[in-house]
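# Fold and geometry: a report
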Amino acid sequence: MADFGFNEHHQNEVINYMRFARSKQALRLKTIDSCFQDLKDSRLMEETYTVDEVSDMLDGLQVLVRGEVEMELINTAHTNVLLLRQLFSQAEKFYLRLQTDISELENRELLEQVAEFEKTDFKANSKVNQESSKPKLAPLNEGGVSELLQKEISRLQEDNDKLKARLRTLESQAMSALDDKSKAERALKDLQKSQGDQQEITNLEGTVAAMQADFEKTLNANVASQKDLQDCLVSAKHDLLRVQEQLSLAEKELEKKFQQTAAYRNMKEILTKKNEQIKDLRKRLQRYESDE
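The structure reproduced in this document is the subject of the present report. The structure presented is a predicted model; accordingly, all values stated were derived computationally and were not measured. (Residues numbered from 1 in each chain as written. Predicted model: local features only at pLDDT ≥ 70, side-chain atom pairs only at ≥ 80, totals over all residues. Heavy atoms only, no water.)

### Quick notes on the pattern of salt bridges
- Inspection of the entire model under this criterion finds 5 salt bridges.
- In this structure, D239 and R242 form a salt bridge, with 2.2 Å as the shortest nitrogen-oxygen distance. Pair noted here: D239 and R242 are both in helix α6 (residues 226-259), with a separation of 3 residues, about one helical turn.
- In this structure R242 comes out as partly exposed when scored by relative accessible area, which is 41%.
- A single salt-bridge network, built from bridges that share partners, covers R28, E68 and E72. (Salt bridge = Lys/Arg side-chain N within 4 Å of Asp/Glu carboxyl O. Helix = DSSP H or I, 4+ residues; strand = E, 2+ residues; numbered from the N terminus. Buried < 20%, exposed > 50% of the residue type's maximum accessible area, 1.4 Å probe, protein only.)

### Describing helix α2 (residues 51-92)
- Across its 42 residues, α2 extends 60 Å between first and last C-alpha, which sits within 8% of the 62 Å expected from 1.5 Å per residue.
- Within α2, burial applies to M57, L61, V65, E68, E72, T79, Q90 and A91.
- Turning to α2, the residues buried within the fold contact α1 (8-42). (Expected span 1.5 Å × (residues − 1). Contact = heavy atoms within 4.5 Å.)

### Regarding a nonpolar patch on the surface
- On the surface, a nonpolar cluster with roughly 370 Å² of combined accessible area is contributed by L84, L87, F88, L96 and L98.
- Within the fold, L98 resides in the loop between α2 and α3 (108-119).
- Classification of L98 as partly exposed rests on a relative accessible area of 44%. (Patch = residues over 30% accessible without salt bridge, like charges linked within 9 Å, V, L, I, M, F, W, Y side chains within 5 Å. Areas by Shrake-Rupley, 256 points an atom, 1.4 Å probe, with all protein chains shown as cover.)

### Focus on the nonpolar core
- Grouped together as the largest cluster of nonpolar side chains are 6 residues: I32, C35, L39, M57, L61 and V65.
- Those elements that provide at least two residues to this core are α1 and α2.
- Aside from chain neighbours lying at most four places away, what touches M57 is L39, R43, L44 and Y49. (Core = buried A, V, L, I, M, F, W, Y, C linked by side-chain atoms within 4.5 Å.)

### Regarding unusual backbone geometry
- Look at Y95: it is not a glycine, yet its phi comes out positive at around 60°.
- Structurally, the position occupied by Y95 is in the loop between α2 and α3.
- The exposure class of Y95 is exposed, given its relative accessible area of 53%.

Next comes the structure, spelled out in C-alpha cells:
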C-alpha cells in the first residue's frame, strides 16, 4: 500500500477523485479513438493515396486530436482549481492558511507512488468503497486540533462580546452616577442657600412682629399722651436701627465666613491670576505699539 500519510477518510476522498479523473480520462480517450475511426471510415476508401492526400488526412487528424487533448488539459486544470477551492474554503473556516509546493508536482518518486497506488490500493478500494463524491467537503476530525481551535475562537469571541456589553453597562452606570452626583450637589447648594435666606427672613419677621406688638401696646396704653406716643416712636426707631445694625453685622459676618471658604479663596486666586495676566498683556501690547 502506498503511504501518503492519509487517514482512512482522506484516502477514500483521494480514491473518489481518482475515480472521477479516470472516468474523464476514459471519456476523452474514447473521443480520440472516435477521431481515428472517423478518419478510417470517411477517408480511407481507396487502396492507394498520394503523399499530399496522406499529409492532408494526417493534418486534419492532428487538428482534431490536438483540440481534444488541449480541451482535456484545460478541463483538468480547471477541475483541480475547483478542488483546491473546496479545500481552501474549508481551511479558512478554521482560520488556517494552506500552502502548496509546486515543485512537488514533478517529484518522480511521488508520481511513482501515485501510479503504484492507482494499480493496487485504488483497484482494491474501488470494490469496497461505494461512497459517492460529495458536492462539498464537510469538516473532519471533530476531536482534532481544528475543532478545538474553532471552539476556542468561538469562546473568545463570546467572552469578548460579554466584556464589551459589561463595559457599556458600566460606562452607562458611571455616567448616570455622575449626573446624580451633580444634581445632588446643586440641590444641596440650593437648599443651603434657601435655608440661610429663610432663617434670615424668619429673624426679621420675628423682630418686626415684636416691634409691631410693642408699638401697638404702647399706642393702646398711651393714647391720651402724645409725648408717650412720640417716645414709643423714638424707641421703635432705635429698635429698628439696632435691628438694621444687627442685620448689617450679620451680613458682614456672613461675608467674612464666605471669604474664608475654599471656594472664595480659589476664586480670588483665579481673579488675581487673571488680573496679572491682563496687566502682562497690556504691558506687552504697549511694548508692541512703542516698537511700531
